[in-house]
Amino acid sequence: MSPSADNIQTANDADASDDAKATPLSTQLFLVLEAERPRAGGARYNLSATNEVLLGRGTTRAARRDIAGSLRLTVPASRISSLHARLRNHRGHWTIQDLGSTNGTFVNGTRVSETVLKDGDLIEIGQASLIFREALPTPPDAPSELELGPRTGRLPVRSLLPLEEERLRVLGAIARTKLPILLIGESGTGKEVLARAVHAQSGRTGALVAFSCGGLSPSLLESHLSGHTRGALSGATRDEPGLVWAAHGGTLFLDEIGDMPSAAQGALLRVLHESEVVPVGAAHPSLVDLRLISATHRPMHELSASGAFRSDLLARLRGHLHALPALHQRREDLGVLLADLLVELDPAQRIRRLSLDAARRILSHTWPLNVRQLGHALVRASVLVEDGVLRERHLEVESPAPANTVLSSDQLRPQVLSASDEELRARLLELLSAEHGNVASVARAMGKARMQVQRWLKRFGVDAAVYRELSRGDG
């Protein structure tokens, strides 16, 4: 039997660590995307105390609950009937029933009259797309309803997912301190965007200075960071203060921190330990006041264990660790991300609507290169659209499924992993990054058969080819 909507348990009690907090599991319905209003964002509704959900057309997007446990959701879309579909809770099992709508109700791309819903199912009514989550870990203080509507201005990074929303809330509180932050995540997940959001919330009056540690020689990197005096280096015709001093009073963001050479690591450790910087060739240090945010997709604990990265520096970088999920792990946020990206990348609003096929393609694609890939696809599409409608042919992404279909719920269903599985998955991702996607090398490093590693990758939905692509410089 499926877990009831209000069960309280950990993701896996047997494997969770002793100090892990129990997280409630709740049934959630996400209004992910309105194809007729792609800048409308998305919404989340907790169904734990709900018996039925009525879906239909209204003049505005609205949610109304009654004391009998009924939730009425309306969406302002022309292809949605006034009373389109009903979700009902039968002793912990949810079904969806079409109520004689003109354009039909679809689950995972198949038109249905009535069917049982499974965790991760994609529901389409008219041109509105929803995702059903049967047992989603949800902090007890998460709001029962959350709407993230059209973005105005440069708002912080946001999420409809309860745990991700909580992590971002914690990060927002950390932002107002001087605690160093280490961001980890696959390339393209938005680490620099998040770093800029943290700086904006920090209240620090200085600038955010961003720099990538990859691709420079140790001496040149140290010179960039610490600065140099005239004549200290070949071609140094004047004093240069360096990036550390440029971030005085503000934030220094160091991307690809795992690629930092040992010599530069020592200089950075001194900055953090002594709050001072010594330019190359200088005799005396200068006091600096900065906040450090670093980011990487490299296996930092392995680099530290091998001696490639100083353990004392890593300890200082990890004042607060924040992991960014891959895009395929947060399908529920695609409408919010789409709205935010369109504000930034399509200010002229050339894209005003999405066709149903385009919406399906966006929601079914796995986006292996994450938010960056989605952004590139939207920029390209905004150039190609002629009548304000983004169609499937405008999206230059490899089709994950036959045309006009979506992936099955079994293929796209999110996983709630045990603590041991999370550790195994993290280990695989780190080794794939270190070995540039070479599965045989990963297997040797783990002392396992290649087929076993491939089974793990399939189980966790990880594509080794993505890491081979990243190693060729897509970054």
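The rules behind the values
Residues numbered from 1 in each chain as written. Predicted model: local features only at pLDDT ≥ 70, side-chain atom pairs only at ≥ 80, totals over all residues. Heavy atoms only, no water. Helix = DSSP H or I, 4+ residues; strand = E, 2+ residues; numbered from the N terminus. Buried < 20%, exposed > 50% of the residue type's maximum accessible area, 1.4 Å probe, protein only. Contact = heavy atoms within 4.5 Å. pLDDT = per-residue confidence, 0-100. Polar contact = N/O pair within 3.5 Å; in protein donor to acceptor, adjacent residues only side chain to side chain. Pairing = 2+ DSSP bridges. Axes fitted to C-alpha atoms, helices over the stretch in contact; angles between N-to-C directions. Core = buried A, V, L, I, M, F, W, Y, C linked by side-chain atoms within 4.5 Å. Parallel < 35°, antiparallel > 145°, perpendicular 65-115°, else oblique. Left-handed = near helix turned anticlockwise from the far one by under 90°. Nonpolar A, V, L, I, M, F, W, Y, C, P; charged D, E, K, R; others polar. Salt bridge = Lys/Arg side-chain N within 4 Å of Asp/Glu carboxyl O.

### Quick word on the overall build of the protein
Next, step 1: In terms of regular secondary structure, the protein is built from 15 helices and 23 strands.
Next, step 2: When the 475 residues of the protein are sorted by exposure, 52% land in the buried category.
Next, step 3: Put simply, 66% of the contacts in the protein that link residues at least 6 apart link residues at least 24 apart.

### Comments concerning the confidence of the model for the protein
Next, step 1: For the protein, per-residue confidence averages 84 on the pLDDT scale, and 82% of positions sit at 70 or higher.
Next, step 2: Across residues 1-21 the pLDDT falls below 50, and counting only partners more than four positions away or on other chains, this stretch makes 28 contacts in the model.
Next, step 3: Across residues 399-416, confidence stays below pLDDT 50; counting only partners more than four residues off in sequence or on other chains, it has 40 contacts.

### Concerning the environment of tryptophan 94
Next, step 1: Summarising the element assignment, tryptophan 94 is placed in strand S8 (residues 93-98).
Next, step 2: With 21 residues separating them along the chain, tryptophan 94 and threonine 115 place their C-alpha atoms 8.7 Å apart.

### Quick notes on the side chain of threonine 50
Next, step 1: Mapping threonine 50 onto the fold places it in the loop between strand S3 (42-46) and strand S4 (52-57).
Next, step 2: Overall, threonine 50 belongs to the buried group, its relative accessible area being 2%.
Next, step 3: Of the polar contacts made by the side chain of threonine 50, one reaches the side chain of arginine 65; its length is 2.9 Å.
Next, step 4: Apart from residues lying up to four places away in sequence, threonine 50 is in contact with Arg65, Gly69, Leu71, Asn89 and Trp94.

### Re helix H13 (residues 439-446)
Next, step 1: Along H13, the positions that sit buried rather than exposed are Val439, Ser441, Val442, Ala443 and Met446.
Next, step 2: For H13, the N-terminal capping position is held by asparagine 438, with its side-chain oxygen 3.1 Å away from the main-chain nitrogen of alanine 440.
Next, step 3: Two residues or fewer after H13 comes glycine 447, characterised by a positive phi angle close to 70°.

### Examining the environment of alanine 263
Next, step 1: Along the polypeptide, alanine 263 turns up in helix H5 (residues 262-274).
Next, step 2: Alanine 263 gets classed as partly exposed once you look at its relative accessible area, which sits at 42%.
Next, step 3: Separated by 46 residues in the primary sequence, alanine 263 and serine 217 place their C-alpha atoms 10.0 Å from one another.
Next, step 4: In this structure alanine 263 touches Pro218 and Glu222, once residues within four positions along its chain are discounted.

### Considerations on the sheet that holds strand S5 (residues 62-65)
Next, step 1: In space, the six strands of this open sheet follow the order S5-S6-S4-S7-S8-S11, with mixed pairing throughout. Strands with a single pairing partner mark the edges of an open sheet, and in this sheet they are S5 and strand S11 (114-116). The mean angle between the axes of side-by-side strands here comes to 15°, regardless of whether they run parallel or antiparallel.
Next, step 2: Relative to S11, S8 is paired through three bridges, and the arrangement is antiparallel. Of the residues in S11, the one forming a bridge with isoleucine 96 is threonine 115.

### Some details on the pairing of strand S13 (residues 128-137)
Next, step 1: With 10 of 10 residues buried, S13 lies mostly within the body of the structure.
Next, step 2: Of the pairings in the sheet, the one linking strand S2 (residues 23-34) to S13 comprises eight bridges and is antiparallel in character. Looking across to S13, one finds that phenylalanine 30 is bridged to isoleucine 131.
Next, step 3: Pairing analysis gives five bridges linking strand S12 (residues 121-125) to S13, with the strands arranged antiparallel.

### Regarding the sheet that holds strand S16 (residues 208-212)
Next, step 1: The parallel open sheet is built from five strands, whose spatial order is S16-S17-S20-S15-S21. Each having just a single partner strand, S16 and strand S21 (320-323) make up the two edges of the open sheet. Across the sheet, the mean angle separating the axes of adjacent strands is 15° when strand polarity is ignored.

### Looking at the pairing of strand S7 (residues 85-90)
Next, step 1: The pairing of S4 with S7 spans four bridges and is classified as antiparallel. Bridge pairing in S7 places valine 53 opposite leucine 87.
Next, step 2: In the sheet, S7 pairs with S8 via six bridges, with the strands oriented antiparallel. Of the residues in S8, the one forming a bridge with alanine 85 is aspartate 98.
Next, step 3: Adjacent in sequence and paired antiparallel, S7 and S8 are bridged by two residues, among which arginine 91 carries a positive phi angle near 55°.

### Description of the side chain of glutamate 276
Next, step 1: Among the structural elements, glutamate 276 can be located in strand S18 (residues 276-277).
Next, step 2: At a separation of 2.7 Å, a polar atom in the side chain of glutamate 276 contacts the side chain of arginine 270.
Next, step 3: Apart from residues lying up to four places away in sequence, glutamate 276 is in contact with Arg270, Val271, Pro285, Ser286, Leu287 and Val288.

### Some thoughts on the nonpolar core
Next, step 1: Grouped together as the largest cluster of nonpolar side chains are 34 residues, with contacts concentrated most on Leu334, Leu354, Trp367, Leu374 and Leu390.
Next, step 2: It is helix H8 (residues 334-345) that contributes the most residues to this core, six residues altogether.
Next, step 3: When neighbours within four sequence positions are excluded, leucine 354 is seen to be in contact with Leu33, Ala35, Pro38, Gln127, Leu338, Ala359, Ile362, Val389 and Leu390.
Next, step 4: With 28 residues, the next largest nonpolar core counts Val209, Leu268, Val288 and Leu303 among its residues.

### A word on the packing of helix H3 (residues 218-226) against H5
Helix-helix packing: each pair is described by the crossing angle between the helix axes and the interaxial distance.
Next, step 1: Closest axis-to-axis distance for the H3/H5 pair is 8 Å, and the angle between their directions is 20°. In terms of axis orientation, H3 runs roughly parallel to H5. Judged by the twist between their axes, the crossing of H3 over H5 is right-handed. For the pair H3 and H5, the contacting residues are Pro218, Leu221, Glu222, Leu225 and Ser226 in the first and Ala263, Ala264 and Ala267 in the second.

### Digging into the packing of H13 against helix H14 (residues 450-460)
Next, step 1: Closest axis-to-axis distance for the H13/H14 pair is 9 Å, and the angle between their directions is 105°. By the angle class used here, H13 and H14 are roughly perpendicular. Of the residues in H14, those in contact with Val439, Ala440, Val442, Ala443 and Met446 of H13 are Arg450, Val453, Gln454, Trp456 and Leu457.
Next, step 2: Across the contact of H13 with H14, the residue classes tally to eight nonpolar, one polar and one charged.

### Comments concerning the pattern of salt bridges
Next, step 1: A full pass over the atoms with the stated rule returns 23 salt bridges.
Next, step 2: Note that glutamate 124 and arginine 360 form a salt bridge whose closest N and O atoms lie 2.8 Å from each other. A residue pair is termed long-range when its members are at least 10 positions apart, and glutamate 124 in strand S12 and arginine 360 in helix H9 (residues 356-364) qualify at 236 residues.
Next, step 3: The buried category is assigned to glutamate 124, whose relative accessible area is 2%.
Next, step 4: Residues participating in the shared-partner salt-bridge network are Glu34, Arg37, Arg61 and Glu147.

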